[in-house]
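Below, each chain spelled out in residue letters.
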Amino acid sequence: APSSDGVSLTDEEEHHHEFQRLAHTLKLARSLSVKCDVDTDIEVPYSMIADLEQYPLWMPWCTSGRVATPPSGSSATPGMGEETTFDGQVGFGFETGTFLGTVGDTV
């Protein structure tokens, strides 16, 4: 069937979503999503999320993580079930392979 510009498309090309046709030209328009269930005690994911410095070891495109202010709450070393507040900074970026080096931001 002809497209809007008069070019004939195969059945396979007609069924591709626009994202699939443009993804190779729009490198920043891609995303990564991974979901899995892990059979573990709640302490494991809690400790992973609470330890900002370790984020770059397991989170894609994470370049840094740090606690900006010490935790405040009921104890200096928070545990499960205790409310704790702290400010943190996490950096995200990717290596461009060009003179720009790593492009990213800290949130």
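Just so it is clear, the structure is predicted and the values come from calculations on it, not from any experiment. (Residues numbered from 1 in each chain as written. Predicted model: local features only at pLDDT ≥ 70, side-chain atom pairs only at ≥ 80, totals over all residues. Heavy atoms only, no water.)

A. View of the overall build of the protein chain. Broken down by element type, the protein chain carries four helices and five strands. Moving toward the C terminus, one meets the helices and strands of the protein chain in the order α-α-α-α-β-β-β-β-β. Within the protein chain, residue pairs in contact and separated by at least 24 positions form 32% of the contacts whose partners lie at least 6 positions apart. Accessible surface computed for the protein chain: about 8,800 Å², of which carbon and sulfur atoms make up 57%. (Helix = DSSP H or I, 4+ residues; strand = E, 2+ residues; numbered from the N terminus. Contact = heavy atoms within 4.5 Å. Areas by Shrake-Rupley, 256 points an atom, 1.4 Å probe, with all protein chains shown as cover.)

B. Up close: the sheet that holds strand 5 (residues 102-106). Strand order in the open sheet formed by three strands is 1-4-5, and the pairing between neighbours is antiparallel. Unpaired on one side and paired on the other, strand 1 (62-67) and strand 5 mark the two borders of the sheet. When strand polarity is set aside, the average angle formed by the axes of neighbouring strands in this sheet is 15°. Where strand 1 and strand 4 (residues 88-95) come together, five bridges link them in antiparallel fashion. Bridge pairing in strand 4 links V67 to G88. (Pairing = 2+ DSSP bridges. Axes fitted to C-alpha atoms, helices over the stretch in contact; angles between N-to-C directions.)

C. Region of the structure containing the packing of aromatic side chains. Going through the model one piece at a time under the given rule, you end up with one aromatic pair. Pairing Y55 with W58 gives two aromatic rings, centres 5.3 Å apart and planes at 65°, and the pair type is edge-to-face. A residue pair is termed a helical-turn pair when its members lie 3 or 4 positions apart in one helix, as Y55 and W58 do in helix 4 (residues 55-58) at three residues. (Phe/Tyr/Trp six-rings, centres within 6.5 Å; stacked < 30°, edge-to-face > 60°.)

D. Region of the structure containing unusual backbone geometry. One non-glycine residue, W61, adopts positive backbone phi at about 65°. Here W61 shows up in the loop between helix 4 and strand 1.

E. Molecular detail of a nonpolar patch on the surface. On the surface, a cluster of nonpolar side chains totalling about 770 Å² of accessible area is made up of W61, F92, F94, F99, L100, V103 and V107. Residue placement: L100 occurs in the loop between strand 4 and strand 5. (Patch = residues over 30% accessible without salt bridge, like charges linked within 9 Å, V, L, I, M, F, W, Y side chains within 5 Å. Salt bridge = Lys/Arg side-chain N within 4 Å of Asp/Glu carboxyl O.)

F. Examining the pairing of strand 5 more closely. Note that strand 4 and strand 5 share five bridges and pair antiparallel. When the sheet's bridge partners are listed, G91 is paired in strand 5 with T106. A loop of six residues connects strand 4 with strand 5, the two strands running antiparallel in sequence, and G97 in this loop sits at a positive phi of about 75°.

G. Expanded view of the environment of G101. By the element assignment, G101 lies in the loop between strand 4 and strand 5. Owing to a relative accessible area of 19%, G101 belongs among the buried residues under this scheme. The residues touching G101, leaving out its near neighbours within four places in the chain, are F94, E95 and T96. (Buried < 20%, exposed > 50% of the residue type's maximum accessible area, 1.4 Å probe, protein only.)

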